[in-house]
Amino acid sequence: MDDVIAVPDSASALFGDRLPLAVVYAEQLAGPGIERGLLGPREVPRLWDRHILNSAVLGSLVDPGLTVADVGSGAGLPGIPLAIARPDLEIVLIEPLLRRCEFLTETVTALGLDGVTVLRSRAEDVRPRGRFDVVTARAVAPMDRLAGWTLPLLRPGGVLLALKGRSVSEELRDSAASLARMGATSWRVEEAGAGVVDPVARIAVVEAGRTGTPEGRARQRRTKR
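None of these values were measured; they are calculated from a predicted model.

A.B. asks: Can you walk me through the overall build of the protein chain in this structure?
C.D. replies: When you go through the protein chain residue by residue, the secondary structure sums to 10 helices and seven strands. What you see for the protein chain is a C-alpha radius of gyration of 17 Å, in line with the 17 Å of a compact globule of 225 residues. For the protein chain, the C-alpha atoms occupy an extent of roughly 55 × 35 × 30 Å along the three principal directions. Buried residues in the protein chain amount to 51% of all 225 residues. Of the roughly 10400 Å² of accessible surface on the protein chain, 49% is carried by carbon and sulfur atoms. Charged side chains in the protein chain number 29 positive and 28 negative. The centres of these two groups are separated by 11 Å.

So this is what it looks like as structure tokens:
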């Protein structure tokens, strides 16, 4: 547990007066999270840099007061660190497995995160569709499959923020045709967390458009030029 309690200096700047909540979350991950198999024991020494801070820096790409769906939330990454850092957001943690949902519910309650709810569901089964401003995902699926699950959840103009690895540019390039067919109007790579995490977080940013309408088809054509 000592590695969890050794909070990086950068965490204070990121979480401010909500840092104690992030510490409790780290303890949840290192205790019940490991015991229930949500994370491997080897992840404990790098909980802060690899998991908590890497997730929370997504907040720099999210405007105030938006509604966010965290798809395949698992142990609450990136949704719970984002909620701690950004209490102005309304966040729904979407997770299909019961044992993970139980952990999420217990953790949200323990942290008193009033703006966070847990929904047991697969992303493709969520109703109503098109309700979210932002969808987040971390290590859920390859981009073309992930976009198929998540773009329908977004309002027109909403964005998918997918935490990816070093090959994110190549993944977006290889998925370009599929993204356009699914109604995405733009896609790019952003970096977040300079001075907070090393390496910085690399994020695929995919904007959803209106599909099945003349406007949507026109926007897709412009994007592909």
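A.B. asks: Any chance you could explain the confidence of the model for the protein chain here in plain terms?
C.D. replies: A residue-level look at the protein chain finds 91% of positions with pLDDT of 70 or above and a mean pLDDT of 90. In the model, residues 212-225 has pLDDT below 50 throughout and makes 17 contacts with residues more than four positions away in sequence or in other chains.

A.B. asks: When you look at helix H6 (residues 98-111) in this model, what are you seeing that I'm missing?
C.D. replies: Helix length check: H6 (14 residues) gives 20 Å between terminal C-alpha atoms against 20 Å at 1.5 Å per residue, within 8%. As for H6, its buried residues are in contact with helix H3 (19-35), helix H5 (79-85), strand E2 (90-95) and strand E3 (116-120). Following H6 by one or two positions, Gly112 has its phi on the positive side, about 65°.

A.B. asks: Any chance you could explain the nonpolar core here in plain terms?
C.D. replies: Across soluble globular proteins, you tend to see nonpolar side chains buried next to one another. Core analysis: the biggest nonpolar cluster contains 48 residues, and Phe15, Trp48 and Ile80 have the highest contact counts within it. Setting aside residues no more than four positions away along its own chain, Ile80 makes contact with Tyr25, Ala75, Leu93, Leu104, Thr107, Val108, Leu111 and Leu113. Counting residues in hydrophobic clusters, the runner-up holds 25 residues, among them Ala69, Ala123, Val126 and Ala162.

A.B. asks: Would you mind going over helix H4 (residues 47-56) with me for this structure?
C.D. replies: Helical geometry: 3.6 residues make up each α-helical turn, so side chains three or four residues apart lie on a common side. Burial runs high along H4: eight of the 10 residues are buried. Listing the buried residues of H4 in full gives Leu47, Trp48, His51, Ile52, Leu53, Asn54, Ser55 and Ala56.

A.B. asks: Looking at this structure, I do not really get the packing of H3 against H6. What am I missing?
C.D. replies: One way to put it is that H3 packs onto H6 with a least axis distance of 10 Å and a crossing angle of 150°. As the angle between them shows, H3 and H6 are arranged roughly antiparallel. As for how H3 packs across H6, the hand of that crossing is right-handed. On the side of H3, the interface is formed by Leu21, Val24, Tyr25, Gln28, Leu29, Pro32 and Gly33, while H6 contributes Phe103, Thr107 and Leu111. Taken together, the residues that form the contact of H3 with H6 break down as seven nonpolar, three polar and no charged.

A.B. asks: Would you take a moment to explain the side chain of Asp133 for this structure?
C.D. replies: Take Asp133: it is sitting in strand E4 (residues 132-138). Residue Asp133 is classed as buried on the basis of its relative accessible area, which comes to 14%. Discounting chain neighbours no more than four positions away, the residues touching Asp133 are Leu66, Thr67, Leu154, Arg155, Gly158 and Val159.

A.B. asks: Help me understand the environment of Leu39, please; the structure alone is not making it clear to me.
C.D. replies: Mapped onto the fold, Leu39 is located in the loop between H3 and H4. Filtering out sequence-adjacent residues up to four positions away, Leu39 remains in contact with Leu29, Gly33, Ile34, Leu47 and His51.

A.B. asks: Looking at this model, I keep getting lost on the pattern of salt bridges. Mind explaining?
C.D. replies: Pairing is possible between side chains of opposite charge, provided their charged atoms come close. Overall, the coordinates contain 12 salt bridges when judged by the stated rule. Between Lys164 and Glu171 there is a salt bridge, and its shortest N-O distance comes to 2.9 Å. Per residue, the accessibility class of Lys164 equals that of Glu171, and both read buried. In this structure, Asp174 engages Arg173 in a salt bridge whose closest nitrogen and oxygen atoms are separated by 3.4 Å. Since its relative accessible area comes to 57%, Arg173 is described here as exposed. Connected via shared salt-bridge partners are Glu43, Arg46 and Arg50.

A.B. asks: Mind showing me how you'd approach the pairing of E3 here?
C.D. replies: Along a regular strand, successive side chains alternate from one face of the sheet to the other. Taken together, the five bridges between E2 and E3 define a ladder with parallel strand orientation. Within E3, the residue paired with Ile94 across the bridge is Leu119. Note that the unit made of E2, H6 and E3 has a crossover that is right-handed.

Calculation rules
- Residues numbered from 1 in each chain as written.
- Predicted model: local features only at pLDDT ≥ 70, side-chain atom pairs only at ≥ 80, totals over all residues.
- Heavy atoms only, no water.
- Helix = DSSP H or I, 4+ residues; strand = E, 2+ residues; numbered from the N terminus.
- Rg over C-alpha atoms; globule rule 2.2 N^0.38 Å.
- Buried < 20%, exposed > 50% of the residue type's maximum accessible area, 1.4 Å probe, protein only.
- Areas by Shrake-Rupley, 256 points an atom, 1.4 Å probe, with all protein chains shown as cover.
- Lys, Arg positive; Asp, Glu negative; His and termini not counted.
- Charge placed at Lys NZ, Arg CZ, Asp CG, Glu CD.
- pLDDT = per-residue confidence, 0-100.
- Contact = heavy atoms within 4.5 Å.
- Expected span 1.5 Å × (residues − 1).
- Core = buried A, V, L, I, M, F, W, Y, C linked by side-chain atoms within 4.5 Å.
- Axes fitted to C-alpha atoms, helices over the stretch in contact; angles between N-to-C directions.
- Parallel < 35°, antiparallel > 145°, perpendicular 65-115°, else oblique.
- Left-handed = near helix turned anticlockwise from the far one by under 90°.
- Nonpolar A, V, L, I, M, F, W, Y, C, P; charged D, E, K, R; others polar.
- Salt bridge = Lys/Arg side-chain N within 4 Å of Asp/Glu carboxyl O.
- Pairing = 2+ DSSP bridges.
- Right-handed = clockwise from strand over helix to strand, strands pointing away.

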